[in-house]
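Topology and contacts: notes
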Amino acid sequence: MSYNIRSPFYAKGTATSLTERDSRQLRGLLPPALETMGKQVSRAFEQLRGKTTGLEKYIFLAWLRNTNSNLFYRMVLDSPEELMPLIYTPTVGTACANYSHIYPFLAPNGSFDGLFISIDDIPVLDQLIENYKNALPDPSITPDIAVITDGSRILGLGDLGVGGMGIPVGKLQLYVAAAGLDPRRTLPICLDFGTNNQKNLDDPLYLGLRRKRPEGDEFHKAVDSVLATLNKAFPKMLIQFEDFSSEHAFELLERHRNRYLSFNDDIQGTGAVILAGFINAVREVGIPAKQHRLLFFGAGSAGVGVAKQIMDYFVLEHGMTEEEAKKLFWLNDSKGLVTQDRGDKLAQHKVYFARDDNEGRQLKDLKETIEYVKPTALIGLSSQGGVFDAEVLKLLADINERPIVFPLSNPATQAECSFEQAMIHTNGNVLFASGTAFPRYVDENKKEHVPGQGNNMYIFPGLGLGAILSRPSRITDTIIYASAAALADSLTEDERKSHLLYPRIERIREVSAVVAAAVCRQAVKENLATDPRILSILPSGSSSKVGTPAWEELLKYVEKSMWEPTYKPITDKSE
């Protein structure tokens, strides 16, 4: 089967050689100049930087990805700090909210963003999969990973329906850029089961189903059918659940994590990346781990997922029992401190952390709760922009010499506070990590401070790559923990001296390789890995520490497995 040189995966534009122009009947259809990828990158950046808004830049980059994939990813790898906020958070939130209005400009020339599966398509799922295969530039290359959403809880923006497709598209771009997954082997999926957002239903340009979402058995039966069909078509494919409503997120994870190779990034990925930042913050503060008190403002799927992941740190690294560790956590939702005797019916995922030692006291106000709990760490996953105001931050700074403040809500408009606010109101003593990107802060002495960003891309690309390479039968909590521990330990000496909680973004591929290797090692240690190449490096049940020959061989194998955006000679033979 011949390659399609017009496919975004194989197109070279002005870098197409004369031989290839002749063999593919392209002579005269391109300008005469023969250019390097570097020259193309310069031209593309000139166009990008001429755009005035984030959404315009997003649309341009989406167009480029769907016309010349190699060139697009070369740009991302050359300037990750500039481009990653444009292809994912915070800009992707705006793109998702406007998806039905910008869609025709994202997928030109018959290209497509991903696979749209409506609830009406359930009886013909096999045909949808066949349509997808037939639309690929090379049907022999099947997906290694699918990111799936139903658009019901996009970032902090709520139910965006079919507009949620921007999230799996964006996540998979980060998989490619950060961990070197082959873009041809990635599958974004949006389940369009309707929308409960009246704004969508009233929008004449809305591209999704105009009906309310199903609940209960109808919802789960539909998802069951989708996953079974995908598994039949692509039995080795990793599935990442993304941006489902809180209740469905936990239900889907528990329902499917042992059926299919899968994980939920909102719950497990967020928990792991924040755990890594928290580990390094604890190292910075110098207070014994068992003396920390963590207050979560926001108790949805992400909040509870983060809390449970951090709890593993106290149990696995500091020898605490589960009950001892749980006592270090307080959760605050829209109704106040989560307690067993609050008087309302708690959502099931909140019950685990509900306090029973409040002696009947119910706290509704955040500042009052801070005075009561006296937390060393304040973690926000509430989607309430600015709720960590000057009074809250100053109060926290009065309690702690070096307060830990993690405003993790996305996008930036929903963040509980900015880096600048946190620095100003804690006199520069804050240990800070956000979920979205914030600019650097320059203090009165002209010293520049770099904000930590607890972005899931530090975890999920490496986690996904490690799972794809080792093919474990399932992804366990201890595999997730291993990814977080590897991230925490990946800081260089220079980064630690600079008091960073996360590695510099330009090292993202290096870091993802370390995380992937740690995932492979843990999968082997738990006798879950099935890939013979990994097992030939690390015998089943073994564990190899960082720095040993086996670890170095494993890391080298992971790095060699990472896709690079380059122009290769195009032949008439399939791979």
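This is a predicted model, so every value here is computed, not measured. (Residues numbered from 1 in each chain as written. Predicted model: local features only at pLDDT ≥ 70, side-chain atom pairs only at ≥ 80, totals over all residues. Heavy atoms only, no water.)

1. Let's talk about the side chain of Asn 68
- Among the structural elements, Asn 68 can be located in the loop between helix H3 (54-65) and helix H4 (69-78).
- Assessed through its relative accessible area of 6%, Asn 68 is described here as buried.
- A distance of 3.0 Å separates the side chain of Asn 68 from the backbone nitrogen of Leu 71, its partner in a polar contact.
- Residues contacting Asn 68, with those up to four places away along its chain left out, are Pro 8, Ala 11, Lys 12, Gly 13 and Tyr 567. (Helix = DSSP H or I, 4+ residues; strand = E, 2+ residues; numbered from the N terminus. Buried < 20%, exposed > 50% of the residue type's maximum accessible area, 1.4 Å probe, protein only. Polar contact = N/O pair within 3.5 Å; in protein donor to acceptor, adjacent residues only side chain to side chain. Contact = heavy atoms within 4.5 Å.)

2. A look at the packing of helix H21 (residues 477-488) against helix H23 (residues 508-525)
- Where H21 contacts H23, the axes come no closer than 8 Å and their chain directions differ by 145°. Crossing hand, H21 versus H23: right-handed. Residues Thr 478, Ile 479, Ala 482, Ser 483, Ala 486 and Leu 487 of H21 touch H23, and the partners they reach there are Val 511, Val 514, Val 515, Ala 518, Val 519, Gln 522 and Ala 523.
- Along the lines of polarity and charge, the residues of the contact of H21 with H23 split into 10 nonpolar, 3 polar and no charged. (Axes fitted to C-alpha atoms, helices over the stretch in contact; angles between N-to-C directions. Left-handed = near helix turned anticlockwise from the far one by under 90°. Nonpolar A, V, L, I, M, F, W, Y, C, P; charged D, E, K, R; others polar.)

3. Regarding the environment of Ala 233
- With respect to the element layout, Ala 233 can be found in helix H11 (residues 216-233).
- The class for Ala 233 is partly exposed, based on a relative accessible area of 25%.
- Residues Ala 233 and Glu 130, spaced 103 residues apart in sequence, show a C-alpha to C-alpha distance of 9.0 Å.
- Among residues more than four places away in sequence, those in contact with Ala 233 are Ile 129 and Lys 133.

4. Focus on the pattern of salt bridges
- Counting across every chain of the model gives 37 salt bridges.
- Put simply, Arg 153 and Asp 266 hold a salt bridge, and the shortest N to O gap is 3.7 Å. On the criterion of sequence distance, the pair formed by Arg 153 in the loop between strand E2 (145-149) and helix H9 (166-179) and Asp 266 in helix H13 (residues 265-285) is long-range, its members being 113 residues apart.
- Since its relative accessible area comes to 7%, Asp 266 is described here as buried.
- Asp 159 is paired through a salt bridge with Arg 213; the nearest N and O atoms lie 2.9 Å apart. (Salt bridge = Lys/Arg side-chain N within 4 Å of Asp/Glu carboxyl O.)

5. Digging into the nonpolar core
- Grouped together as the largest cluster of nonpolar side chains are 162 residues, with contacts concentrated most on Phe 278, Ile 310, Phe 314, Phe 329 and Phe 406.
- Broken down by element, this core gets its largest block of residues, 11 residues, from H23. (Core = buried A, V, L, I, M, F, W, Y, C linked by side-chain atoms within 4.5 Å.)

6. Details of the domain arrangement of the protein chain
- When its domains are assigned, the protein chain resolves into domain 1 (88-260), domain 2 (268-453) and domain 3 (456-561).
- Of note, the centres of domain 2 and domain 3, computed from C-alpha atoms alone, are 27 Å apart.
- The interface is formed by 26 residues belonging to domain 2 together with 17 residues belonging to domain 3.
- Here domain 2 and domain 3 share an interface that buries about 1,800 Å² over both sides, 62% of which is from carbon and sulfur atoms.
- Across the contact surface, domain 2 and domain 3 share 1 salt bridge.
- With a closest N to O distance of 3.1 Å, Arg 283 and Asp 489 form a salt bridge. (Domains from an automatic or database assignment. Buried area = accessible area lost by both parts, 1.4 Å probe.)

7. Details of the pairing of strand E6 (residues 294-297)
- Judged by which residues are buried, E6 turns out to be covered on both faces: Leu 294 and Phe 296 on one side and Leu 295 and Phe 297 on the other are all buried.
- As judged from the 4 bridges shared by E6 and strand E7 (residues 329-333), these two strands associate in the parallel manner. Residue pairing for E7: Leu 294 is matched across the bridge by Phe 329.
- Bridge count for E6 against strand E9 (residues 377-380) is 4 bridges, and the pairing is parallel. (Pairing = 2+ DSSP bridges.)

8. Regarding the packing of aromatic side chains
- Counted according to the given criterion, the structure contains 22 aromatic pairs.
- Judged by centre distance (6.1 Å) and plane angle (75°), the ring pair of Phe 241 and Phe 244 falls under edge-to-face.
- Residue classification places Phe 244 among the buried residues on the basis of a relative accessible area of 1%.
- A ring pair is formed by Phe 314 and Phe 329, whose centres lie 6.0 Å apart and whose planes are at 85°; its orientation type is edge-to-face. Taken as a pair, Phe 314 in helix H14 (residues 301-318) and Phe 329 in strand E7 lie far apart in primary sequence, 15 residues in all.
- We classify Phe 314 as buried; its relative accessible area is 0%. (Phe/Tyr/Trp six-rings, centres within 6.5 Å; stacked < 30°, edge-to-face > 60°.)

9. With respect to H14
- Spanning 18 residues, H14 covers 25 Å between terminal C-alpha atoms, matching the ideal 26 Å at 1.5 Å per step.
- Taken together, the buried positions of H14 are occupied by Ser 301, Ala 302, Gly 303, Val 304, Gly 305, Val 306, Ala 307, Gln 309, Ile 310, Met 311, Tyr 313 and Phe 314.
- Of the residues trailing H14, Gly 319 is marked for its positive phi of about 70°. (Expected span 1.5 Å × (residues − 1).)

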